[in-house]
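Listed below are the residues making up each chain.
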Amino acid sequence: STKFNVTDKQNATIIINAAEFVEIEHNLVFNITNSTPVVVTINGRVYTPVNGNYTFEANVAGVYTIVVRSNETDEYYAGFNSTTFTVYKHAAVISKVEVPTVNTTVGQSVTITVTMGNVTSGSVIIEVGGHNYTVDINNGEAVLVVALPVDNYTAHAYYLESDKYNATDKVS
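Residues numbered from 1 in each chain as written. Predicted model: local features only at pLDDT ≥ 70, side-chain atom pairs only at ≥ 80, totals over all residues. Heavy atoms only, no water.

Caption draft 1: Local environment of the sheet that holds strand β4 (residues 38-42). If you trace the five strands from one edge of the open sheet to the other, you get β2-β8-β7-β4-β5, paired in mixed fashion. This sheet does not close on itself; its edge strands, each paired only once, are β2 (21-23) and β5 (45-47). For this sheet, the mean angle separating the axes of adjacent strands, direction not counted, is 30 degrees. Both β4 and β5 contribute to a ladder of three bridges, which runs antiparallel. Across the sheet, I42 pairs through a bridge with R45, a residue of β5. (Pairing = 2+ DSSP bridges. Helix = DSSP H or I, 4+ residues; strand = E, 2+ residues; numbered from the N terminus. Axes fitted to C-alpha atoms, helices over the stretch in contact; angles between N-to-C directions.)

Shown next, in the form of structure tokens:
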């Protein structure tokens, strides 16, 4: 007669080693510790490792789910694990809102310049004298030339949220 051993199957080991947060326009590089071959998906798209690491290009802000599954083998039960991570937007920065301190006469224009710290295009809203002006950002600056009635003014610049940057504001 032949002797043989019957061993119990083991639970598959699947550990996801990934950061919880990644800034937009950066990569999330993560790895999986596993006892059996796995299939890795992020929001339904299959990812393949390169040198043991998986890379997700974070080009759209939002919450993503990493799902890892393994099939049952002779030695292991099927395994499953998942985790979420968040792709967050850049913090927009308004470096300065510049209003020249000059006395202007009625009918004369004033130039208000908004300098962005890290945004090169889009638009800002400049609030001055109770009116809002939408001004395009070109190469990091938005320039408003406006004629105002006699008074003292402060300018308030608002950068509205975009797909890559959060909203921010600054007062002159």
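Caption draft 2: Focus on the environment of Y47. On the secondary structure map, Y47 appears in strand β5. Every residue in contact with Y47, bar those within four places of it in the chain, is listed here: V40, I42, Y54, T55 and F56. Here the side chain of Y47 touches R45 through a polar contact of 3.0 Å, side chain to side chain. (Contact = heavy atoms within 4.5 Å. Polar contact = N/O pair within 3.5 Å; in protein donor to acceptor, adjacent residues only side chain to side chain.)

Caption draft 3: Expanded view of unusual backbone geometry. Its identity as a non-glycine residue notwithstanding, E25 has a phi of 70 degrees, on the positive side. On the basis of relative accessible area, E25 is assigned to the partly exposed category, the value being 46%. One non-glycine residue with positive phi stands out, namely N43, at about 50 degrees. (Buried < 20%, exposed > 50% of the residue type's maximum accessible area, 1.4 Å probe, protein only.)

Caption draft 4: Region of interest: the packing of aromatic side chains. Under the definition given, this model contains five aromatic pairs. A ring pair is formed by Y47 and F56, whose centres lie 6.2 Å apart and whose planes are at 55 degrees; its orientation type is tilted. Pairing Y64 with F85 gives two aromatic rings, centres 5.5 Å apart and planes at 15 degrees, and the pair type is stacked. Of this pair, Y64 sits in strand β7 (residues 62-70) while F85 sits in strand β8 (residues 79-88); the two residues are 21 residues apart in sequence, bridging distant segments of the chain. For Y64, a relative accessible area of 13% gives the class buried. Ring pairs connect the aromatic residues Y47, F56, Y64 and F85, which therefore count as one cluster. (Phe/Tyr/Trp six-rings, centres within 6.5 Å; stacked < 30°, edge-to-face > 60°.)

Caption draft 5: Looking closely at the pairing of β8. Alignment of β2 against β8, held across three bridges, turns out to be parallel. Residue pairing for β8: E23 is matched across the bridge by Y88. Two elements, β7 and β8, share nine bridges in a ladder whose sense is antiparallel. Bridged to S70 within β8 is G79.

Take it as geometry only, folks, not as evidence of what the structure does.
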